[in-house]
Amino acid sequence: ANEGMWFLMHIKRLNYVDMQKMGLQLTPEEIYSVNNASLKDAIVQFGGGCTAEIISNKGLVLTNHHCGYGNIAELSTAENDYLTNGFWAANHKEELKPKNLSVRFFVRMDDVSKRILARVNDEMTELEREAAINQEIAKIEMENNEDGKYTVSVKSFYNGNEFYYFVYQDYTDVRLVGTPPKSIGKFGGDTDNWEWPRHTGDFALFRVYADKDGNPAEYSEDNVPLEPKYHLTTSLKGFKDNDFAMILGYPGRTNRWMPGAGIEQNTNYAYPAWVEASRTSMDVMEKYMKKDQQVNLDYASSYAGIANYWKNRQGMIDALKQHETAKTKYADEKSFQKWASKKKNRKYAEVMPIINDYYKKTNEISRHDNYLRLLLRTRSATIPYRLGKSLEYYAEQNDAKKEELRPKLETEIENLYDGLHLPLERDMLAAQLSLYNEKAHNPASEVAEIAATNGNKVEDWEKYLTTSFQNSIFQSKEKLNAFLDNPDAARLQNDPLYNLSIALLNRYRYKSEEQKEWENDFQRAYRLMVQGMRLQNPDKKYYPDANSTLRLSYGKVNSLPVDERNDAKENYYTTLKGTVAKYQPGDDEFDMPKKLIDLYEKKDFGQYADKDGHLPVNFLSDNDITGGNSGSPVLNGKGELIGLAFDGNIEAMAGDVIFDENLQRTISVDIRYVLFLIDKLAGATHIIDELTLSK
Ligand code: ARG
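Caption draft 1: Broad picture of the overall build of the protein. Helices and strands together make up the secondary structure of the protein, namely 26 helices and 19 strands. Scaling as 2.2 N^0.38, a compact globule of 695 residues should have a C-alpha radius of gyration of about 26 Å, and the protein matches this with 26 Å. Structurally, the protein occupies a C-alpha span of about 75 × 75 × 55 Å along its principal axes. The burial tally for the protein puts 57% of its 695 residues in the buried class.

Here it is as structure tokens:
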């Protein structure tokens, strides 16, 4: 069965026999070993939210274009626009260092459930429980970080029923080596995002640098490419339908235990708010991004992030309703309730009623929270709050202390205002405030007051904010620096943007006493529900929900039912022929570089074509992954790289709360397409030479 995101340390006991039957040829130790180099040493978490893999003995890192998107945009200017035109470093010297980018290697993990659970008891409130657990976690982190060499993270699994610690090593000097133009890396844009058949060259290359001893080091010209413990072999051999495929990576979040009532809360309250507020921001951003290429680059990454989940959340609403997922969950809960009503399971008898009651009480709150959450992604809504507290403190100090504090504040201001476009910010904030005040359940009272006086139409807010920006020191970094010259705490306290920002963030953090109580009861009930359901089904093999820890998922290359939009022979792959069929010259999403069309017309595919002479582009496998797995390697039975995972299909969007064997697919770039683009399109043959190829 292909369901499951497994811990590497459990594979040997839980999955190995099954994996071997399906085609795995490696030993468990070749996948995960604490003392010897193994596959796990080639898998890194990239930039905190994605996955990547090491593919050469010189620290070459392969990940998705959409994972490097923000870094590529940041390194681009309207004149040197790598996002639009692509970029290829001819040698190490030309590789480009983005401001903040790190990769995280996984060293080892272990189970600390017994140790942590020994600190808690059933009489504790959830807050007391959390405090006791955090105390023990701090100790475990201290004991394992080897004087700061490693980062140690202890996380809860199965909703607080088990705990594992993870030891990592972080490298912070990571540089861009090469990227295709956006017309390849994001071919199909938001129209094709989350869809199959797909034709995207979603990859980019980076390199990890270290000091001369191979240790992590801040950026320096003296740093050298990292010689990794292990790097992947890249396969040119291709694969066919039903071949074994496994994926190692960092899935972000799943909620496979989510109760039916939670699903209904999301589909009816929380997600519709998310979708509407996202669309509101996207409309404003689009208007300004179209007009000015620099604005386009400055907001590219935040737009893509919002657009990605705008489509995802609508897809989830549709899929969850269509499959009546809540009903499936209610049926499980009914059988659980029956089990829980038995005398010996009394501890669990009240669990479901408490959970259902909680969702009933928090439906409107969940709607409010998502409107506000999306509003707060407008940078001008949060910057005044973030800076204001430090500025107030600064204003109260004597001259010597001010002198000392100033450089740090100046850097912070510089960073926060870098690439901030005020007209866009004002209009986005106006649109969001108007929506929030109209649609959210119980919006911040300050916002309601302003609307009552000035009106709640978008234009009313634009007018109000135009004046506010003019009267605010947060209008520009020039005004902020002038404030640093002549600080005046009273002026700050009357600053309209500062006060608005405080009101919004206070509302975001506010919880009534009643609400805190509901949450306490809910958290406890949810933990017991998961515990109880596992006891109810003692023979079932369980895997923990995704929470940004390293997992392995195994399955096979697997078609979807025939789709007339795909012109490949079978519906588990696409080819460059299909890409060209989607080509729309000059279109924002479906344009293609002329050179790629030329290569297609000459059939100049080199060693990368399949047996029939087609150039493979994307393919499907039935692995269980989610957001955060982006950039993960797809490996064959020998552990060789055959592709790069980058998406899931919209039909299976219910996957984060329920796994559907028949529908759930991973969409990946075929590694042969990646190599073809590096070799034939970019002419970067020195990179091909750097790889370990299996032909
Ligand atoms: N849906 C993908 C994910 O969340 C991101 C794809 C980015 N591409 C795009 N066209 N927006 O992993």
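Caption draft 2: Expanded view of the side chain of Asn 15. With respect to the helices and strands, Asn 15 occurs in the loop between α1 (11-14) and α2 (16-22). Among the residues examined, Asn 15 registers a relative accessible area of 1% and is labelled buried. Sequence-distant contacts of Asn 15, that is, excluding residues within four places in its chain, are made with Trp 6, His 10 and Tyr 554.

Caption draft 3: Just helix α12 (residues 325-340), in detail. Between its first and last C-alpha, α12 extends 22 Å over 16 residues, near the 22 Å set by a 1.5 Å rise per residue. Regarding α12, the residues found buried are Thr 325, Ala 326, Lys 329, Glu 333, Phe 336, Trp 339 and Ala 340. Buried residues of α12 fall within an arc of 130° about the axis and therefore sit on the same side. Facing away from the buried side of α12 by more than 90 degrees, the exposed set consists of Lys 327, Lys 334 and Lys 338. Where α12 is buried, its residues touch α10 (260-291), α11 (293-322), α13 (351-375) and α22 (513-536).

Caption draft 4: Representation of the site of the ligand. Every residue close to the ligand is listed here: His 66, Lys 186, Gly 189, Asp 190, Asn 193, Trp 194, Asn 308, Ser 630, Phe 646 and Asp 647. Between Asn 308 and the ligand, the recorded distance is 2.8 Å, taken from a side-chain N or O atom to an oxygen atom. Contact distances for the ligand include 2.8 Å between an oxygen atom and a side-chain N or O atom of Ser 630. Surface burial for the ligand is 92%, taken as the share of its 350 Å² of free accessible area covered by protein chains. At the level of elements, α9 (189-192) and β17 (641-648) are the ones that each hand at least two residues to the shell around the ligand. Considering only residue class, the shell around the ligand consists of two nonpolar, five polar and three charged.

Caption draft 5: Structural context of unusual backbone geometry. Following Trp 196, the chain continues to Pro 197 via a peptide bond in cis, the omega torsion being 0°. On the secondary structure map, Pro 197 appears in the loop between α9 and β9 (204-210). Within the chain, Asn 242 stands out as a residue other than glycine whose phi angle is a positive 75°. Relative to the helices and strands, Asn 242 is located in the loop between β11 (234-235) and β12 (244-249). Its identity as a non-glycine residue notwithstanding, Lys 603 has a phi of 50°, on the positive side. Within the fold, Lys 603 resides in the loop between α24 (594-601) and β15 (616-621).

Caption draft 6: Up close: the packing of helix α4 (residues 65-75) against α11. Packing of α4 against α11 leaves a shortest axis separation of 8 Å and a crossing angle of 170°. Of the possible angle classes, the one that applies to α4 and α11 is roughly antiparallel. The interaxial crossing formed by α4 with α11 has left-handed handedness. On α11, the residues touching Tyr 69, Gly 70 and Ala 73 of α4 are Leu 297, Ala 300, Ser 301 and Ala 304. By residue class, the composition of the contact of α4 with α11 is five nonpolar, two polar and no charged.

Caption draft 7: Fine view of the nonpolar core. In terms of nonpolar packing, the biggest core is built from 193 residues, with Ile 31, Met 246, Leu 391, Phe 474, Leu 504, Met 529 and Tyr 673 touching the most fellow members. The element best represented in this core is α10, accounting for 13 residues. Both domains that furnish three or more residues to this core are identified here as domain 1 (1-102 + 172-254 + 550-695) and domain 2 (260-509). Core analysis: the next-biggest nonpolar cluster, separate from the first, contains 15 residues, Ile 133, Ile 137, Val 152 and Val 154 among them.

Caption draft 8: Structural detail: the packing of aromatic side chains. Here the structure, examined in full by the defined rule, presents 31 aromatic pairs. Arranged with centres 5.4 Å apart and planes meeting at 80°, the rings of Tyr 359 and Phe 522 form a pair that is edge-to-face. Placement of the pair is Tyr 359 in helix α13 and Phe 522 in helix α22, with a sequence separation of 163 residues. Seen from their ring centres, Tyr 673 and Phe 676 are 6.3 Å apart, and the 15° between their planes marks the pair as stacked. Of this pair, Tyr 673 and Phe 676 are both found in helix α25 (residues 671-681), three residues apart, which corresponds to roughly one turn of the helix. Each member of the pair, Tyr 673 as well as Phe 676, is classed as buried. The ring of Tyr 158 has Arg 534 sitting right over it, with the charged end atom 3.6 Å from the ring centre. The ring of Phe 239 has Arg 672 lying over it, and the distance from NZ or CZ to the ring centre is 5.4 Å.

Caption draft 9: Structural view of the pairing of β9. Across the seven residues that make up β9, a large majority, seven, are buried. The pairing of strand β3 (residues 60-63) with β9 spans four bridges and is classified as antiparallel. Following the sheet pairing, Leu 60 is matched in β9 by Arg 207. The pairing of strand β8 (residues 173-179) with β9 spans five bridges and is antiparallel. Residue Arg 175 lies in a different strand from β9, and its bridge partner there is Arg 207. Here β9 runs beside strand β10 (residues 224-225); their pairing, made up of two bridges, is antiparallel. Bridge pairing in β10 places Tyr 209 opposite Pro 225.

Caption draft 10: Local environment of the domain arrangement of the protein. For the protein, the assigned domains read domain 1 (1-102 + 172-254 + 550-695) and domain 2 (260-509). Measuring from the centre of the C-alpha atoms in domain 1 to the corresponding centre in domain 2 gives 32 Å. Counting residues at the interface gives 26 residues for domain 1, matched by 22 residues for domain 2. Counting each side, the surface lost to burial between domain 1 and domain 2 is near 1900 Å², with a carbon and sulfur contribution of 61%.

What counts, and where the lines are drawn
Residues numbered from 1 in each chain as written. Predicted model: local features only at pLDDT ≥ 70, side-chain atom pairs only at ≥ 80, totals over all residues. Heavy atoms only, no water. Helix = DSSP H or I, 4+ residues; strand = E, 2+ residues; numbered from the N terminus. Rg over C-alpha atoms; globule rule 2.2 N^0.38 Å. Buried < 20%, exposed > 50% of the residue type's maximum accessible area, 1.4 Å probe, protein only. Contact = heavy atoms within 4.5 Å. Expected span 1.5 Å × (residues − 1). Arc of directions from axis to C-beta. Near = heavy atom within 4 Å. Polar contact = N/O pair within 3.5 Å; in protein donor to acceptor, adjacent residues only side chain to side chain. Areas by Shrake-Rupley, 256 points an atom, 1.4 Å probe, with all protein chains shown as cover. Nonpolar A, V, L, I, M, F, W, Y, C, P; charged D, E, K, R; others polar. Axes fitted to C-alpha atoms, helices over the stretch in contact; angles between N-to-C directions. Parallel < 35°, antiparallel > 145°, perpendicular 65-115°, else oblique. Left-handed = near helix turned anticlockwise from the far one by under 90°. Core = buried A, V, L, I, M, F, W, Y, C linked by side-chain atoms within 4.5 Å. Domains from an automatic or database assignment. Phe/Tyr/Trp six-rings, centres within 6.5 Å; stacked < 30°, edge-to-face > 60°. Lys NZ or Arg CZ within 6 Å of the ring centre and 35° of its normal. Pairing = 2+ DSSP bridges. Buried area = accessible area lost by both parts, 1.4 Å probe.

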